Amino acid sequence: MHGLIARTLQCFLQDTYGLSIWQKIAELAKLDFDDFEAMLDYDIRTVEQVLDAASMCLEKPRDALLEDIGTYLITHPNNEGLRRLMRYGGVDFFDFLHSLEDLPGRTRLAVADLQLPELELTDSVPGQFLLSCHGSLSDMPGFGYVLVGVLRAMADDYGALVILDHRGALGQAEVIDITVVETDFAEGRSFELAAAPPPVRREKAS
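Residues numbered from 1 in each chain as written. Predicted model: local features only at pLDDT ≥ 70, side-chain atom pairs only at ≥ 80, totals over all residues. Heavy atoms only, no water.

Moving on: the pattern of salt bridges. This structure, assessed with the given rule, holds ten salt bridges. As a salt-bridge pair, R83 and D157 come within 3.0 Å of each other at their nearest N and O atoms. Of the two residues, R83 is situated in helix α5 (residues 80–87) and D157 in helix α9 (residues 143–158); the sequence distance between them amounts to 74 residues. According to the relative accessible area criterion, D157 is buried, its value standing at 1%. Residue D177 is joined to R167 by a salt bridge in which the shortest nitrogen-to-oxygen separation is 3.6 Å. Within this pair, whereas D177 is found in strand β4 (residues 173–182), its partner R167 is found in strand β3 (residues 161–170), the two being separated by ten residues in sequence. Here the salt bridges do not stand alone but share partners, grouping E80, R83, R87 and D157 into one network. (Salt bridge = Lys/Arg side-chain N within 4 Å of Asp/Glu carboxyl O. Helix = DSSP H or I, 4+ residues; strand = E, 2+ residues; numbered from the N terminus. Buried < 20%, exposed > 50% of the residue type's maximum accessible area, 1.4 Å probe, protein only.)

Pairing analysis gives six bridges linking strand β1 (residues 118–123) to strand β2 (residues 128–134), with the strands arranged antiparallel. Paired with E118 across the strands is H134, a residue of β2. Between β1 and the antiparallel strand that follows it, β2, lie four residues; G127 among them carries a positive phi value of about 90°. Relative to β4, β2 runs antiparallel, the two sharing seven bridges. Within β4, the position partnered with Q128 by the bridge is T179. (Pairing = 2+ DSSP bridges.)

See below:
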């Protein structure tokens, strides 16, 4: 597993619960190092051990913990760059949803060797969508729950009222039900797609 994902897990635990809790989790997971390195690769079982240890230490179901990681990725001040990357997906939540299929490709532009599960968005009736995460069950277990947290945080960011339901596995894909009840339910967080233009310089009258 890419070290950036493992490092993100560590940062989430430290930023949310504190350094002492991370050290306790690392000890419980029997890690033989202090910190994950973003540029290294790790055996997926090592990351799984940390997740299991965190679930045990925090007395929190693993699925809920994974969803919290997704929320953290969007809402924590340390991750403002990622939040901005996601907001560039569109001016409203519908645009954002339709941009999700491009997310793995956009991620590779930033980190060439980071392979995210392929995403497929389908819709049956207006406002209802099905998001499939292909390959996540074998390559990145729990990615669908992280994505639920991301979607929930992004809905709040846009001010949309959304109902999300992780339906489990369908073949080799994790499947998420998305129902957009209202796109302008609340005031979203401020965001500017374009940088403010430089001030106009006016020449003094002679």
